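The chain contents come next:
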Amino acid sequence: MRDPEKYFENIFSALGIVSIPEYKPHLRTPSSTTLKGSALAINKDPLSMWRDELSTKLVHDVLAITNDYGIEIYDNSPEPDIEKVSMLIQQGLN
């Protein structure tokens, strides 16, 4: 989750709950089950860390393969294209 504060603020707002500032320091604390060396344990972005471990060519190849199989929700951004995901979900429901 890239922005846990925003996520929780949206939840509080949707539930009509006034935000509780005491929760914020705990949002960025890894749980006791977080593995040593994982992105969360070393304070890196878990959505993009894998790209740092692969060559640019390999990332390009992975994206090309997913596109070849019709999975077109991924590009160079760390998260899937949410609009394309929504369209796929709607297509599946119809």
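Here we summarise the structure given alongside this text.

Rules behind the numbers
Just so you know, the residues in each chain are numbered from 1, in the order the chain's sequence is written. In view of the model being predicted, local features appear only for residues whose pLDDT reaches at least 70, and side-chain atom pairs are presented and counted only at 80 or more, with totals across whole chains, interfaces and linings using the full set of residues. To get the side-chain values, all heavy atoms of the structure are used, and hydrogens and water are removed first. Strands are runs of DSSP state E lasting at least 2 residues, helices are runs of H or I lasting at least 4, and numbering of each runs from the N terminus. Between the two quantities, the radius of gyration covers C-alpha atoms and the globule rule is 2.2 Å times the number of residues to the power 0.38. Working rule for contacts: check all heavy atoms of both residues, and any pair within 4.5 Å makes them a contact. Accessible surface is estimated by sampling points in the Shrake-Rupley manner with a 1.4 Å probe; for residues, cover comes only from the protein chains shown. The aromatic pairing rule takes the rings of Phe, Tyr and Trp, using the six-membered ring of Trp, and pairs them if the centres are within 6.5 Å, calling planes under 30 degrees apart stacked, those over 60 edge-to-face and the rest tilted. Whenever Lys or Arg places a side-chain nitrogen within 4 Å of a carboxyl oxygen from Asp or Glu, that contact is recorded as a salt bridge. The cut-offs for exposure are 20% and 50% of the maximum accessible area for each residue type, with area from a 1.4 Å probe on protein chains only; residues under the lower value are buried, those over the upper are exposed, and the others partly exposed. Counted as positive: Lys and Arg. Counted as negative: Asp and Glu. His and the chain ends are not counted at all. Like charges are joined within 9 Å and nonpolar side chains (Val, Leu, Ile, Met, Phe, Trp, Tyr) within 5 Å, but only among residues with over 30% relative accessible area and no salt bridge; these make up the patches.

1. Notes on the overall build of the protein chain
- The helix and strand inventory of the protein chain stands at five helices and zero strands.
- Secondary structure elements of the protein chain occur, N-terminal to C-terminal, as α-α-α-α-α.
- For 94 residues, the compact-globule estimate of 2.2 N^0.38 gives 12 Å, and the protein chain exceeds it by more than 25% at 17 Å.
- Considering only residue pairs separated by 6 or more positions, the protein chain has 26% of its internal contacts joining residues 24 or more positions apart.
- With the model as given, the accessible surface of the protein chain reaches about 7700 Å², and the carbon-plus-sulfur share is 59%.

2. Observations concerning the environment of Ala41
- Within the secondary structure, Ala41 sits in the loop between α2 (24–27) and α3 (49–52).
- Sequence spacing of Ala41 and His60 is 19 residues, and the spatial spacing of their C-alpha atoms is 27 Å.
- Beyond its immediate stretch of four places on either side in the chain, Ala41 contacts Thr34, Leu35 and Lys36.

3. Details of the packing of aromatic side chains
- In this structure the tally under the stated criterion is one aromatic pair.
- Ring geometry for Tyr7 versus Phe8: centroids 5.6 Å apart, planes at 85°, classification edge-to-face.

4. Some details on the pattern of salt bridges
- This structure, assessed with the given rule, holds one salt bridge.
- Among the ionic pairs, Lys57 bridges to Asp61, the shortest N-O distance being 2.9 Å. In this pair, Lys57 and Asp61 are both assigned in helix α4 (residues 56–68), four residues apart and thus about one turn of the helix distant.
- For Asp61, a relative accessible area of 26% corresponds to the partly exposed category.

5. A short note on the side chain of Arg51
- For Arg51, the location among the structural elements is in helix α3.
- It is Asp75 that comes nearest to the buried, bridge-free Arg51 among opposite-charge side chains, at 5.9 Å.
- In contact with Arg51, other than residues within four places in its own chain, are Val59, Leu63, Asp75, Asn76 and Ser77.

6. Digging into a nonpolar patch on the surface
- A surface patch of nonpolar side chains, amounting to about 370 Å² of accessible area, comprises Tyr7, Ile11, Leu15 and Ile17.
- If you trace the backbone, Ile17 turns up in the loop between α1 (4–15) and α2.
- Residue class for Ile17 comes out partly exposed when judged on its relative accessible area of 39%.

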